[in-house]
Amino acid sequence: MSKEVKPESVSLCPLGMTAAPEQELLCIFGTGDFGRSLGQRLLQTGYRVVYGSRRPHSCGPLPQGAQVMSHEAAAQSAGVIFLCVHRENYDFLETLVTQLKGKVLVDVSNNLKKNVYPEANAEYLQRLIPGAHVVKAFNTLSAWSLQNGPSDASRQVYLCGNSAEAKQQVVETATKLGFNVLDRGTLSAARELEDFPLQLFPEWRLPLRLAFGLTAFFFFYLLIRDVVYTYVEQDKDISFRIMVSLANKVFPIVSLIMLSLCYLPGVVAAFLQLYRGTKYKRFPDWLDRWMLCRKQLGLLALGFASLHVLYTLIIPIRYYVRFRIAESTISKIKENQTSVFDTTMAWRVDSYYAMGILGFGLYLLLGISSLPSVSNALSWREFSFIQSKLGYLTLFFCTFHTYLYGWDKFLRPSYYKWYTPPGYMLCLVVPSVVMALKLNYHNHRHRKNKTNRKRRYKDTAVTGITRAIALGNLTHCFGCH
Ligand code: NAP
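Thresholds, definitions, all that
Residues numbered from 1 in each chain as written. Predicted model: local features only at pLDDT ≥ 70, side-chain atom pairs only at ≥ 80, totals over all residues. Heavy atoms only, no water. Salt bridge = Lys/Arg side-chain N within 4 Å of Asp/Glu carboxyl O. Helix = DSSP H or I, 4+ residues; strand = E, 2+ residues; numbered from the N terminus. Buried < 20%, exposed > 50% of the residue type's maximum accessible area, 1.4 Å probe, protein only. Contact = heavy atoms within 4.5 Å. UniProt positions renumbered as here; feature names shortened; annotations may be inferred. Near = heavy atom within 4 Å. Polar contact = N/O pair within 3.5 Å; in protein donor to acceptor, adjacent residues only side chain to side chain. Axes fitted to C-alpha atoms, helices over the stretch in contact; angles between N-to-C directions. Parallel < 35°, antiparallel > 145°, perpendicular 65-115°, else oblique. Left-handed = near helix turned anticlockwise from the far one by under 90°. Nonpolar A, V, L, I, M, F, W, Y, C, P; charged D, E, K, R; others polar. Pairing = 2+ DSSP bridges. Expected span 1.5 Å × (residues − 1). Right-handed = clockwise from strand over helix to strand, strands pointing away.

Moving on, we get to the pattern of salt bridges. Pairs can form between side chains of opposite charge once their charged atoms are near each other. Under the defined criterion, the tally for this structure stands at 11 salt bridges. Notably, a salt bridge pairs Lys136 with Glu194, separated by 2.9 Å at the nearest N-O pair. Pair noted here: Lys136 is in strand β8 (residues 133-137) and Glu194 is in helix α8 (residues 190-195), with a separation of 58 residues, a long-range link. Taken individually, Lys136 and Glu194 each receive the classification buried, so the pair is uniform in this respect. For Arg184, the salt bridge goes to Glu192, with nearest N and O atoms at 2.5 Å. Given the relative accessible area of 31%, Arg184 is considered partly exposed.

We now examine the side chain of Ser370. By the secondary structure assignment, Ser370 is in the loop between α14 (343-369) and α15 (372-375). Residue class for Ser370 comes out buried when judged on its relative accessible area of 10%. Other than its neighbours up to four places away in sequence, Ser370 contacts Lys295, Leu299, Ser375 and Gln387.

Under the UniProt annotation, "transmembrane region" (unreviewed entry) lies at residues 206-224, 250-275, 296-321, 352-378, 390-407 and 422-441. Helix makes up 81% of residues 352-378 and strand 0%, and the two end C-alpha atoms of the span are 32 Å apart. Segment residues 390-407 splits into 94% helix and 0% strand. End C-alpha atoms: 25 Å apart.

Close to the ligand lie 20 residues, the nearest being Thr31, Phe34, Ser53, Asn110 and Ala143. The backbone of Phe34 places a nitrogen or oxygen atom 2.7 Å from an oxygen atom of the ligand. Note that an oxygen atom of the ligand is positioned 2.9 Å from one of the side-chain N or O atoms of Arg54.

A few words on the packing of helix α10 (residues 247-276) against helix α16 (residues 380-406). Two measures define how a pair of helices packs: the angle their axes make with one another and the distance between the axes. Across the interface, α10 lies against α16 with an axial gap of 10 Å and an inter-helix angle of 135°. Relative to α16, the element α10 is oriented oblique. Along this stretch, α10 crosses α16, giving a crossing that reads as left-handed. Counted together, Leu256, Leu259, Ser260, Tyr263 and Val267 of α10 and Gln387, Ser388, Gly391, Tyr392, Thr394, Leu395, Cys398, Thr399 and Thr402 of α16 form the full contact between these two elements. Here the residues of the contact of α10 with α16 sort into seven nonpolar, seven polar and no charged.

Another point: the pairing of strand β6 (residues 80-83). On a regular strand, each side chain points to the face opposite its neighbour's, so the side chains alternate between the two faces of the sheet. Burial of the side chains of β6 extends over both faces: Val80 and Phe82 are buried on one face and Ile81 and Leu83 on the other. As paired elements, strand β3 (residues 25-29) and β6 share three bridges and run parallel to each other. By the bridge assignment for β6, Cys27 is matched with Ile81. Where β6 and strand β7 (residues 104-107) come together, four bridges link them in parallel fashion. Within β7, the position partnered with Phe82 by the bridge is Val106.

Over its 27 residues, α14 extends 39 Å from the first C-alpha to the last, a length consistent with the 39 Å expected when each residue adds 1.5 Å. Of all the residues in α14, the buried ones are Arg348, Tyr352, Met355, Gly356, Gly359, Phe360, Leu362, Tyr363, Leu366, Gly367 and Ser369. Buried residues along α14 sit in contact with α10, α12 (294-313), α15 and α16. Between a side-chain oxygen at the N-terminus of α14 and the backbone nitrogen of Thr344 the separation is 3.1 Å; the capping residue is Asp342.

Strand β4 (residues 48-52) sits mainly inside the fold: four of its five residues count as buried. By the bridge criterion, five bridges tie β3 to β4 in an arrangement that is parallel. Paired with Leu25 across the two strands is Arg48, which belongs to β4. With respect to chirality, the unit in which β3 leads through helix α2 (residues 33-45) into the neighbouring parallel β4 is right-handed. Of the pairings in the sheet, the one linking β4 to strand β5 (residues 67-69) comprises three bridges and is parallel in character. In the sheet register, Gly52 faces β5, and the bridge partner there is Met69.

Given below as structure tokens:
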């Protein structure tokens with residue numbers, strides 16, 4: 001229940017009970033969702049809160065302990081004002097220019113679409129109230145996450161503003177609320193901060209498109225090679241194999257290609273630096289973008305590999321497989337045939353599975369170490385050891401796993417249906433190229449380092465000789481080297 005304390009001011013509970021004199025008073029304009037959640041968090045953290053509202057007597061339920069007044073009275077009572085009002089309604093602030101002079105005005109607003117207005121909301125606000133110190137902050141949080149406290153992913157508060165002191169006051173408040181604060185500079189960064197909440201997985205877009213494209217391509221490729229080919233050439237309907245057999249071919253193929261695409265840009269970049277002879281030149285934009293989405297590429301590749309594992313695990317319980325095994329056993333019994341144990345085959349199959357298991361184990365390790373909570377606990381050397389060295393080992397295991405799957409089929413013409421290679425042969429191209437390039441790069445660097453060492457050695461020797469001649473002590477110089 002609200003209780004009036006001034007003609008234009010309403011307290012939601014007796015002032016004396018909550019407001020300790022030493023507690024800082026903060027003002028919030030707007031008693032909507034965001035304003036209420038922010039007020040509740042501030043009160044829980046020990047601040048006193050005063051709301052500025054158009055309707056101080058009839059606004060909805062507010063957090064217990066907060067006061068509510070008219071905008072004018074609220075603005076006068078606090079040094080920091082959180083503006084929890086939509087940009088379209090900022091006009092009312094023009095009547096408060098005097099009261100807001102010298103105050104820190106925190107703009108939390110977002111827009112529903114990008115580029116709706118020619119300038120950022122915070123810049124517009126600063127133009128509207130030139131005497132205030134506008135700070136853009138808290139807009140990347142939701143009212144829900146504010147209410148629940150920063151225990152989940154949204155721990156980060158981004159802010160920007162032209163006044164260092166004003167920003168410092170907001171930083172202190174945000175830190176007390178339990179958020180990590182990242183200063184993005186002056187108010188010119190406001191547009192970027194306002195666009196943050198409107199982003200829809202920007203770094204996932206390219207990897208997702210790639211995953212979708214590869215899946216679609218290999219699905220239709222294998223559909224034609226396996227199902228359509230058998231129907232046309234052998235008059236047999238094996239379309240039921242789409243659900244498991246085909247899927248279990250497409251997923252590992254896409255996974256291996258995507259894993260190798262994580263490592264390809266690194267190798268391309270290394271060769272580019274080698275070619276340019278310097279590492280202090282910018283990479284082309286397409287390479288930059290590719291390198292920036294390697295984590296997402298890797299995580300999607302891990303997802304496809306996990307599906308492959310699950311699909312493989314159900315093979316023994318499939319009706320088709322059980323039927324084929326039973327049929328072959330019965331026909332052998334009927335024809336009184338025996339099978340001879342093939343040791344080579346046993347080695348091949350076991351090695352094939354072992355490579356797959358090891359590859360998947362390392363795949364998981366790569367995925368786990370890319371989680372922020374894990375990678376934050378690793379040193380840069382540890383992280384790059386896992387992502388680079390173990391990453392290449394994963395690529396090697398998975399590629400070898402696929403080569404073992406192919407075994408001698410690469411040389412048998414019967415596997416090239418309608419003159420097309422099987423899908424797993426196609427998918428081996430990229431990882432094989434990546435590993436060959438990586439090896440080549442290592443050899444190149446090794447040779448270059450050796451040449452550099454020799455050159456340095458020569459240079460040192462020549463410098464030594466020159467110095468020695470100058471000093472008239474040639475014998476000493478040769479003795480040194
Ligand atoms: P809301 O629930 O619609 O509340 C907006 C408040 O603004 C109203 O309760 C009202 O308070 C005040 N208001 C409305 N019309 C006004 C006018 N003509 N003049 C002056 N004041 C007016 O909106 P919200 O969700 O709290 O969002 C408030 C701001 O926070 C927006 O800029 C939004 O972009 C930003 N934000 C919201 C969220 C979120 O999760 N909701 C997240 C990030 C940022 P009184 O009736 O008390 O005057």
